[in-house]
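Working through the structure, step by step
So you can see what is in the structure, the chains are spelled out below.
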Amino acid sequence: MSSFPFDAVLFDCDGVLVDSEPITNRVLTQMLGELGWHLTLEETMRIFVGKAVKDEMALIEEKTGFSLTQDWLHLFWARRNEALERDLTPIAGAPEAARALHALMDGRIACASGADRRKVELQLAKIGLLDAFEGRIFSGHETPRSKPWPDVYLAAAEALGVPPELCAVVEDTVTGATAGIAAGATVFGYCPGGLGHSSADAMRAIGVAHVFTDMARLPQAIAAWATH
């Protein structure tokens, strides 16, 4: 461990560990349509990926003319969770990468997500990774500000007893990567292409340290960072 370039690895969840964004945004598209804001799935994902729906309530109210309540938000979470329980799959190679880094880091990995804790725990359990992150799950709903602010990454680093500048952060969107960079961490950007993930060019433009396309190669990329 003395030669390893980082003291902890902090993972985002959606789009990094689990392929959840199409599922979540399909439900959101349906519910926005019920309010009169008719979007395609692609349009919904362009607007909302990387953001917490609770933080976009003002936009939804502006577009629909409805004054939304916490009941609507809880209904969205319930319908979303039902779809995730049914349809969620892992990002290819992510469970293996997380477990490899868990072993390499003597357990010093964490999941720092902008999503609510129930969603994060549900998803990690669904793909068989809850035990790898048990006690080290952090939600932007439980910090003063969610991503793109750094609060959730700072909370994770503090809980692990590791300075943020000695943390590697794994993200797939500009919103999340901005949070990791603002925390002072070295950000590894997962950019496989396709809807729901920020482009490699966009990630590099904000200062992401390393861009990669194959999650199975993440442990090697992080371990080799000392050569940079």
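Since this is a predicted model, take the numbers as computed values, not measurements. (Residues numbered from 1 in each chain as written. Predicted model: local features only at pLDDT ≥ 70, side-chain atom pairs only at ≥ 80, totals over all residues. Heavy atoms only, no water.)

We now examine helix H9 (residues 174-183). Taken residue by residue, H9 has Thr175, Gly176, Ala177, Ala179, Gly180 and Ala183 as its buried positions. Looking at the packing, one finds that the buried side of H9 touches helix H8 (151-160), strand S4 (167-171), strand S5 (186-190) and helix H10 (200-205). Residue Gly184 follows H9 closely and has a positive phi angle near 100 degrees. (Buried < 20%, exposed > 50% of the residue type's maximum accessible area, 1.4 Å probe, protein only. Helix = DSSP H or I, 4+ residues; strand = E, 2+ residues; numbered from the N terminus. Contact = heavy atoms within 4.5 Å.)

Moving on to the sheet that holds strand S1 (residues 8-11). Here 6 strands make up an open sheet; going across it, the order is S3-S2-S1-S4-S5-S6 and the pairing parallel. In the strand order of this sheet, the two ends are held by strand S3 (137-139) and strand S6 (210-212), each with one partner. Within the sheet, the average angular offset between the axes of one strand and its neighbour, ignoring direction, is 25 degrees. Two elements, S1 and S4, share 4 bridges in a ladder whose sense is parallel. Its bridge partner being in S4, Ala8 is matched across the sheet by Cys167. (Pairing = 2+ DSSP bridges. Axes fitted to C-alpha atoms, helices over the stretch in contact; angles between N-to-C directions.)

Where helix H1 (residues 21-34) contacts helix H4 (residues 70-87), the axes come no closer than 9 Å and their chain directions differ by 140 degrees. The angle between H1 and H4 places the two elements in the oblique class. Viewed along their axes, H1 and H4 form a crossing whose handedness is right-handed. Residues Ile23, Thr24, Arg26, Val27, Leu28, Gln30, Met31 and Glu34 of H1 pack against Trp72, Leu75, Phe76, Arg79, Arg80, Ala83, Leu84, Arg86 and Asp87 of H4. A breakdown of the residues in the contact of H1 with H4 according to their chemical character gives 9 nonpolar, 2 polar and 6 charged. (Parallel < 35°, antiparallel > 145°, perpendicular 65-115°, else oblique. Left-handed = near helix turned anticlockwise from the far one by under 90°. Nonpolar A, V, L, I, M, F, W, Y, C, P; charged D, E, K, R; others polar.)

This structure, assessed with the given rule, holds 6 aromatic pairs. An aromatic cluster of at least three residues, connected via ring pairs, comprises Phe6, Phe188 and Trp225. (Phe/Tyr/Trp six-rings, centres within 6.5 Å; stacked < 30°, edge-to-face > 60°.)

Below, the discussion takes up the side chain of Lys119. Along the chain, Lys119 turns up in helix H6 (residues 117-126). With relative accessibility at 5%, the residue Lys119 sits in the buried group. Residues within four places of Lys119 in sequence aside, it is in contact with Asp14, Thr24, Arg80, Asn81 and Leu84.

Structurally, Ala52 is set in the loop between helix H2 (41-48) and helix H3 (57-64). Taking the C-alpha atoms as reference, Ala52 lies 12 Å from Lys119; in sequence the two are 67 residues apart.

A few words on empty space enclosed by the protein. Where empty space is left can be seen by rolling a probe of water-molecule size over the atoms. Applying the stated criterion across every chain yields a total of 1 cavity of 30 Å³ or more. By volume, the largest cavity amounts to about 340 Å³. As for the largest cavity, its lining consists of 28 residues, and the residues nearest its centre are Asp14, Gly50, Lys51, Ala52 and Lys119. Those elements that provide at least two residues to the lining of the largest cavity are H1 and H4. (1 Å grid on protein atoms, 1.4 Å probe; cavity = no way out; pocket = protein on both sides within 12 Å on 5 of 7 lines; lining within 4 Å. Points joined across faces, edges and corners; volume = space filled by probe spheres on them.)

Mapped onto the fold, Ala200 is located in helix H10. Take Ala200: its relative accessible area is 22%, and that puts it in the partly exposed class. In sequence terms Ala200 and His210 are 10 residues apart; their C-alpha atoms lie 9.3 Å from each other. If we skip the residues at most four places from it in the chain, Ala200 touches Cys191 and Val211.

To continue, consider the pattern of salt bridges. Overall, the coordinates contain 14 salt bridges when judged by the stated rule. With a shortest N-O distance of 3.0 Å, Glu34 and Arg79 are connected by a salt bridge. One end of the pair, Glu34, is in helix H1; the other, Arg79, is in helix H4, and 45 residues separate them in sequence. On the accessibility criterion, Glu34 (52% relative accessible area) is exposed. A salt bridge links Glu142 to Arg117; its shortest N-O distance comes to 2.9 Å. Pair noted here: Glu142 is in the loop between S3 and H8 and Arg117 is in helix H6, with a separation of 25 residues, a long-range link. What emerges from the salt-bridge pattern is a single network uniting Asp12, Lys147 and Glu171. (Salt bridge = Lys/Arg side-chain N within 4 Å of Asp/Glu carboxyl O.)

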